[in-house]
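Structural characterization, general
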Amino acid sequence: MVFKLKEFKENSPGVIIFSHKEFIKYSKFKSFNNILEIYKKHYYFGVHWGASYENTTDFNFKNIDINFCYEEQLPDLKDQEIFPYTTRSFIPSTIFNNDENIEKIYDVVNVTRKVNAKFNRDLFNISRELILNYPNIKILILVANPNYVKSNFDHLFDENYENFLGSYKSKNVELITFNEIPKQELVAKYLKKSKVFLFTSRKEGVAKVTAEAALCNLPVLINKKFFGGARAGINSNFLFEYDSIKSAVKKIHDFLNDEKLNKED
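Now for a quick tour of the structure. (Residues numbered from 1 in each chain as written. Predicted model: local features only at pLDDT ≥ 70, side-chain atom pairs only at ≥ 80, totals over all residues. Heavy atoms only, no water.)

**Quick look at the packing of helix 6 (residues 184-192) against helix 7 (residues 208-215)**
Rules: Each axis is a line fitted through C-alpha atoms, and for a helix only the stretch in contact is used; angles between axes span 0 to 180 degrees, taken between their N-to-C directions. Strands are runs of DSSP state E lasting at least 2 residues, helices are runs of H or I lasting at least 4, and numbering of each runs from the N terminus. Any angle from 65 to 115 degrees is called roughly perpendicular, while one under 35 is roughly parallel, one over 145 is roughly antiparallel, and all others are oblique. Working rule for handedness: look at the near helix, and if it is turned counterclockwise from the far one by less than a right angle, call the crossing left-handed; if clockwise, right-handed. By the convention used here, residues are in contact when the closest approach between their heavy atoms is within 4.5 Å. Amino acid classes used here: Ala, Val, Leu, Ile, Met, Phe, Trp, Tyr, Cys and Pro are nonpolar; Asp, Glu, Lys and Arg are charged; the rest, including Gly, are polar.
Close contact between helix 6 and helix 7 brings their axes to 10 Å; oriented N to C, the two are set at 55 degrees. Between helix 6 and helix 7, the crossing angle belongs to the class labelled oblique. Here helix 6 runs over helix 7; the crossing is right-handed. Taking contact as the criterion, the partners of Gln 184, Val 187 and Leu 191 in helix 6 are, on helix 7, Lys 208, Glu 212 and Ala 213. Grouping the constituent residues of the contact of helix 6 with helix 7 by class yields three nonpolar, one polar and two charged.

**Details of the pattern of salt bridges**
Where we set the bar: By definition here, a salt bridge exists when the distance from a side-chain nitrogen of Lys or Arg to a carboxyl oxygen of Asp or Glu is within 4 Å.
What the rule picks out here adds up to nine salt bridges. The partner of Arg 231 in a salt bridge is Glu 241, with the nearest N and O atoms 3.1 Å apart. Of this pair, Arg 231 sits in the loop between strand 10 (220-223) and strand 11 (239-242) while Glu 241 sits in strand 11, and the two are 10 residues apart along the sequence.

**Overview of the sheet that holds strand 5 (residues 82-83)**
Consider a sheet: its strands pair through backbone hydrogen bonds, and that pairing is either parallel or antiparallel. Applicable threshold: Strand pairing is assigned whenever DSSP detects at least two bridges linking the two strands.
What the five strands build is an open sheet, ordered 1-2-3-4-5; its pairing is mixed. Looking at which strands have only one partner, the edges of the open sheet turn out to be strand 1 (3-6) and strand 5.

**Here we look at the environment of Gly 228**
Where we set the bar: Partly exposed describes any residue whose relative accessible area lies between the buried limit of under 20% and the exposed limit of over 50%, with all areas from a 1.4 Å probe on protein chains only and scaled to the type maximum.
Counting through the fold element by element, Gly 228 comes out in the loop between strand 10 and strand 11. Residue classification places Gly 228 among the buried residues on the basis of a relative accessible area of 4%. Between the C-alpha atom of Gly 228 and that of Pro 92, which follows or precedes it by 136 residues, the distance is 22 Å. Apart from the residues within four sequence positions on either side, Gly 228 is in contact with Ser 52, Glu 72, Gln 73, Glu 204 and Gly 205.

**Focus: helix 7**
Taken residue by residue, helix 7 has Val 209, Thr 210, Ala 211, Glu 212 and Ala 213 as its buried positions. For helix 7, the secondary structure elements touched by its buried residues are helix 3 (93-96), strand 6 (106-112), helix 6, strand 9 (194-199) and strand 10. In the segment just after helix 7, Asn 217 is the residue with positive phi, at about 65 degrees.

**A short note on the packing of helix 4 (residues 120-133) against helix 5 (residues 156-165)**
Their axes nearest at 9 Å, the elements helix 4 and helix 5 cross at an angle of 15 degrees. On the basis of the axis angle, helix 4 is roughly parallel to helix 5. Here helix 4 runs over helix 5; the crossing is right-handed. Packed against helix 4, whose contacting residues are Asn 120, Arg 121, Phe 124, Asn 125, Ser 127, Arg 128 and Ile 131, the element helix 5 presents Phe 157, Asn 160, Tyr 161, Phe 164 and Leu 165 at the interface. When its residues are assigned to classes, the contact of helix 4 with helix 5 shows six nonpolar, four polar and two charged.

**What about the sheet that holds strand 11?**
The strand order 8-7-6-9-10-11 describes an open sheet built from six strands, whose pairing is parallel. For this open sheet the edge positions go to strand 8 (173-177) and strand 11, each flanked by a neighbour on one side alone. Going from strand to strand, the sheet's axes swing by 25 degrees on average, the running direction of each strand aside. Relative to strand 9, strand 6 runs parallel, the two being bridged by three bridges.

**Overview of the side chain of Ser 27**
With respect to the helices and strands, the residue Ser 27 is situated in the loop between helix 1 (20-26) and helix 2 (30-38). On the basis of relative accessible area, Ser 27 is assigned to the buried category, the value being 2%. With residues up to four places along the chain from it excluded, the contact list for Ser 27 reads Phe 32, Asn 33, Phe 59 and Asn 60.

**Some thoughts on the nonpolar core**
For soluble globular proteins, nonpolar side chains are generally found buried alongside one another. The condition that has to hold: What is meant by a nonpolar core is a set of buried Ala, Val, Leu, Ile, Met, Phe, Trp, Tyr and Cys residues, joined one to another through side-chain atoms within 4.5 Å.
In this structure, Phe 96, Leu 140, Leu 142, Leu 191, Phe 197, Phe 199 and Leu 218 are the most contacted members of the largest nonpolar core, which totals 28 residues. Broken down by secondary-structure element, the contributors of at least two residues to this core are helix 3, strand 6, strand 7 (139-143), helix 6, strand 9, helix 7 and strand 10. For this core, the leading source of residues is helix 6, giving four residues. Beyond its immediate sequence surroundings of up to four residues, Leu 140 is in contact with Tyr 106, Val 108, Val 109, Asn 110, Glu 174, Ile 176, Tyr 190 and Ser 194. With 24 residues, the next largest nonpolar core counts Ile 131, Ile 137, Val 173 and Leu 256 among its residues.

**Some words on a nonpolar patch on the surface**
Applied cut-off: Patch membership requires over 30% relative accessible area and the absence of a salt bridge. Like charges are linked within 9 Å, and nonpolar side chains (Val, Leu, Ile, Met, Phe, Trp, Tyr) within 5 Å. Only the protein chains shown count as covering a residue, and every accessible area follows the Shrake-Rupley method with a 1.4 Å probe.
Side chains of Val 2, Phe 3 and Leu 5 sit close together on the surface and give an oily, nonpolar patch of about 260 Å² of accessible area. Its place among the elements puts Val 2 in the segment before strand 1.

Structure, rendered in structure tokens:
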């Protein structure tokens, strides 16, 4: 359960919000829905969607009153009440969006995990092509929670990193890993030292990191085929899309070059 809200007054209605994992796991059971039915007089029930699902027709929404998500996360969720409030909506902007004058050390930054679903191979390919074309470029890769429960092929992160970028370590690429999910203040510190945020995932829910990057005034480069809520709330003037390794390299180069020209002017 994400949270439960109830006034002290005996007859006032309350709200119970389930995580999407809980809802998906239990909604198929009659006992779960029977319990919700019993408490229907006293509570509104909702689901907080932190991941993307292209097909929700197999889920039982009978007793669900509210879905906390963005419409692009659940395009097939019809006849359901949607509130566009997620963990992405409550990012403390004071941590990220401020007037600190911080030196830009890195040209490109990425925040990822050692999981295959993050399309880290694309990250490594784009990074290598950037280095081959622009030998002085600086790239920062932040790996959050490397002890995350892994699935098939996730072990290839370290192997692919060495194969693609091993010879460029120190000079062009800095890899920083965290034993736990890093605090937002620390993420903000590195984002503020960077110029462009590269996002290589193809499917996620709220994807808070793109919002965090935008709050640090970084343009966000995202795959054209991305499915989910990573674009929500970002100024379209600072949101760019790529459809290949080549186009990603060009978009990054064009932005960095434009920034350089603006500074010279």
